[in-house]
Number of protein chains: 2
Amino acid sequence: MAADETAPVSRGRVTITEIARQAGVSVPTVSRVVNGRSDVSPETRARVEDLLRLHGYRKRPSSVPARAALLDLVFNDLDSPWAVEIIRGVEEIAHAAGVGTVVSAIHGRSGDAREWMRNLRARASDGVILVTSALEPTLHEQLRILGVPLVVVDPTGSPGFDTPTIGAANWAGGLAATEHLLSLGHRRIGLIAGPPRLLCSRARFDGYRAALEAAGLGVDESLVVPGDFHPESGFTGCTALLDLPEPPTALFAASDQMALGAIEALRRRGLRVPEDMSVVGFDDLPEVRWSAPPLTTVRQPLADMGKLAVRTVLSLARGEQPDSPRVELGTELVVRSSTAPPTPVQ
Amino acid sequence: MAADETAPVSRGRVTITEIARQAGVSVPTVSRVVNGRSDVSPETRARVEDLLRLHGYRKRPSSVPARAALLDLVFNDLDSPWAVEIIRGVEEIAHAAGVGTVVSAIHGRSGDAREWMRNLRARASDGVILVTSALEPTLHEQLRILGVPLVVVDPTGSPGFDTPTIGAANWAGGLAATEHLLSLGHRRIGLIAGPPRLLCSRARFDGYRAALEAAGLGVDESLVVPGDFHPESGFTGCTALLDLPEPPTALFAASDQMALGAIEALRRRGLRVPEDMSVVGFDDLPEVRWSAPPLTTVRQPLADMGKLAVRTVLSLARGEQPDSPRVELGTELVVRSSTAPPTPVQ
C-alpha cells in the first residue's frame, strides 16, 4: 500500500508526518486518529487532535473516491410529523442535484452519534445537515478535520464554531400569534412554552412578551406553563391553566402538537374551541388543517428550511462561503377556526 | 480501459459478447444498455433487453467498488405522516447494520423515476425498498439486470416478477374494525373506502363486507363512498353519508386521515363523536392519539414493516432467499374515544 493512502496530507499546510513528530507518535497512529479508528488510547487521541486543531489540519479531499454525491440529514429523533416536512424539502433539492439524501437518527445518544460518524466516514458523505440536535464538540471537530461541510437547521442552542444555521423567525411568530389574540379582544392569554434550553422556545416566549407589553400588558407568570413540544405536555399545561381561579380566555401553544393536546384537555372538560377558549399553535403541520377545529397557527416553513439547507451545504462543498452564517426564514400567521373573540361573561 | 470494465460478464452464464452477437450490435452498445445510458435507440434497447432477460443476464457484482453500504428507500410522495413511521423503522435497523438509508420520492413521474435510477446506479446502492409505488416494468428490469435486490412495502397492486412484498393484514383489519362497531350495536355502518386500484383498499373493503355478512347483514351500497386516503375525501365522503335520507350511525374510514376529515365534517354540522356518530380509522398514526376525540383505529405496524423490509433486502443482498415472497404483519384494533353504542332514536 502506498504511504499516500494511509497518510493524507493537508493543502499546503502541516503534514501528517509533522503532526506525528510533534506528538511523539508514529505516522500510522496519526492516520488512525484522522480516520476515527478506535484503536488509539484516549490520551494519544487527545494529544493528536489538539495538534491537528492547532495547525488547522484538513484531510485531503482527493482521498475521497469518485462516486455519486451523498449528503447526510441527521435528526435527533424521527418521532415527529415535522421531520417528514424537512425530509421532503431536502429530498426535492438534493434529488434535482443528483445527490442522495441519507437520513439518520442519533437519539441524543453519544454511542449512536459515534456510530453514525463512522458510517458517514465510510460512505464519504459530501455534507451534513443536522436538525435540532446538539452534536458533541468532538464530533463537530471530527467533521471539520474530515473537511465535511455542516449546516444546522433550527438550532437548539448556539452551535458555536463557524457553522451556518438556518432557522425560522421564531420571535416574529410568537409576536404574530399573540397580537392576533389581542386583536380579537383577549386580555388573559396563556402560554404553553417550549423547553427553555432551546433557542427557538426562548424566541417564541419573547415574541409573546413583546406583544403583551406593546398592548400595555405585562406577562402574568401564572399564565405561563412549561411544555416539551409534545402533545402530552399541551394536555397537562392546559389542564393546569384551567385549574386556575381565573383561567385565561385564550392560549398560545408554542407547538402544534401541544395545541392538539390542549384541545383534547378542553374537550375532556366539555369546553369548546373557540367558544370557550381560543387556541393558537406553532408549526402548521399538515395534520392541523384537519384537527377539530382546524387550527389557527404560525406557519414555520419547514420544507423551505430543508431546501435552503441543501443549497447551503452544496455551496460549502464547492468551497463557497454562505452570505450569512445565520439565516431566519419568515413565519406567517394562518387563521383557521380555533380562534374567536372572547365570549362575554354572563 | 480494459475490456473487462466496459463489458461485465455474468456468473458462468451468457457473456455480453454473445448477447451483442445475437442482437447484431457491438459490445459497447450492449454495455450502454446494461449501464442504463440514454444514447441507445429505443428499438436497439428493447432488442438487447429482451435478450438479456431471455438469458437471465446479471451484471457481475464485483464491478461495484468497495465502500460503505447504502440502501434506497423510495416513496411515491413524502406527503403523509405515515412516511416518517416507515423511515423510522428502516433507519433503526439499517443504522445498526452500518448501512445508510437514502430517502427519495419519485412523485409517480417517470422522469423522476429514471433520474432516481441514474443516481442509484452512480451511488452503487446495495438494495431498494419501494413503498406503495408502482415502478415501471422497465425500471424493475433495470434493477434486476444491475443485480440490486428489491423489496416492496404495502404493494399497491400485484408487483409481478418474483419481488418480495411486505404488507399489513388489511383484510383482518377491516374485519376487526367492522366487528367492533357491530359489537357496540351498530347496524347501519358506512364505509369511506380507499382507491380501488390499491390491493390494500380492496382487502379492507372485503374485511368490512365479511364482518357484515357474518352478522347476517349485507353491504348496503348506498353506505359505501369512495375516498383516496387523504383527509379531504373523508370530509366529502362523510358529508355525502350525512345527506342520505337515513344516515349511518357509525363509520369505518379506511385511513386515519379520512377519519379526521370525517370528524371535521361532523363537527361542522354540530354533530358529536361518538354520541352522534362512531368513527373508526385505519393506520394508527401518532397524531390520532390526540385527535378530538382520540381515534379508535386499526394499528398498522408501519415501523415494523420498515424493519422487516431492511432485514429482507439485506439478506437478499447476501444472496439468501426470503422464506416467503409475501409477508403480512398483523394489524390490531386500538379502542379509544371515537366509538360508542348508537344513541337510541328519541
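Rules behind the numbers
Residues numbered from 1 in each chain as written. Chains lettered and ligands numbered in written order. Predicted model: local features only at pLDDT ≥ 70, side-chain atom pairs only at ≥ 80, totals over all residues. Heavy atoms only, no water. Least-squares fit on C-alpha atoms with pLDDT ≥ 70 in both. Contact = heavy atoms within 4.5 Å. Phe/Tyr/Trp six-rings, centres within 6.5 Å; stacked < 30°, edge-to-face > 60°. Lys NZ or Arg CZ within 6 Å of the ring centre and 35° of its normal. Pairing = 2+ DSSP bridges. Helix = DSSP H or I, 4+ residues; strand = E, 2+ residues; numbered from the N terminus. Axes fitted to C-alpha atoms, helices over the stretch in contact; angles between N-to-C directions. 1 Å grid on protein atoms, 1.4 Å probe; cavity = no way out; pocket = protein on both sides within 12 Å on 5 of 7 lines; lining within 4 Å. Points joined across faces, edges and corners; volume = space filled by probe spheres on them. Buried area = accessible area lost by both parts, 1.4 Å probe. Salt bridge = Lys/Arg side-chain N within 4 Å of Asp/Glu carboxyl O. Nonpolar A, V, L, I, M, F, W, Y, C, P; charged D, E, K, R; others polar.

Caption draft 1: Up close: the relation of the copies chain B and chain A. Between chain B and chain A, which share one sequence, the superposing operator has a rotation angle of 179° and an axial displacement of 0.0 Å; the RMSD is 0.2 Å. A rotation of that kind, with that shift, is consistent with a two-fold axis. Considering only C-alpha atoms, the residue of chain B closest to the rotation axis is V102(B), which sits at 2.0 Å. With an isologous cut-off of 70% or more, the 100% of interface residues of chain B that recur at the interface of chain A puts this contact in the isologous class.

Caption draft 2: The arrangement of the packing of aromatic side chains in detail. Taken as a whole and assessed by the stated rule, the structure comprises six aromatic pairs over all chains. R204(A) extends its terminal NZ or CZ atom over the ring of F282(A), reaching a point 3.8 Å from the ring centre.

Caption draft 3: Representation of the sheet that holds strand β9 (residues 278-283) of chain B within the structure. Residues and elements named next belong to chain B. Read across the sheet, six strands follow the order β7-β6-β8-β9-β10-β12 without closing on themselves; strand pairing throughout is mixed. Each having just a single partner strand, β7 (224-225) and β12 (332-334) make up the two edges of the open sheet. Relative to strand β10 (residues 296-299), β9 runs parallel, the two being bridged by four bridges. In the sheet register, G281 faces β10, and the bridge partner there is T297. Strand contacts of helix α11 (residues 256-268): β6 (189-192), β8 (250-253), β9 and β10, with the helix running at about 155° to β9, the strand carrying the most contacts.

Caption draft 4: Region of interest: empty space enclosed by the protein. Applying the stated criterion to the full structure yields six cavities of 30 Å³ or more. By volume, the largest cavity is sized at about 140 Å³. Along its surface, the largest cavity is lined by 14 residues, and L260(A), W290(A), S291(A), A292(A) and S291(B) are the ones closest to its centre. A total of three residues in the lining of the largest cavity trace back to one element, the largest contributor, which is α11(B).

Caption draft 5: Quick look at unusual backbone geometry. That bond from A292(A) to P293(A) is cis: its omega, 0°, falls within 30 degrees of zero. Relative to the elements of secondary structure, P293(A) occurs in the loop between β9 (278-283) and β10 (296-299). Here the residue pair V273(B) and P274(B) is connected by a cis peptide bond, since its omega of 5° sits within 30 degrees of zero. Assignment of secondary structure puts P274(B) in the loop between α11 and β9. Of note, the phi angle at D283(A) is positive, near 140°, even though the residue is not glycine.

Caption draft 6: Spotlight on the interface of chain B and chain A. Each partner contributes residues to the interface: chain B has 40 residues there, and chain A has 41 residues. Summed over both partners, the interface of chain B with chain A buries about 3,500 Å², with 65% contributed by carbon and sulfur atoms. For chain B, the biggest contributors to the area lost against chain A are L78(B), H95(B) and W290(B); these three give 21% of the whole. If you look at where chain B meets chain A, you find zero salt bridges. Contributions of two or more residues to the side of chain B that touches chain A are made by α5 (81-96), β2 (100-105), α6 (110-122), α10 (231-242) and α11 of chain B. Residue contributions to the side of chain B that touches chain A peak at seven residues, all from α5(B). Per-class residue counts for the side of chain B that touches chain A are 20 nonpolar, ten polar and ten charged.

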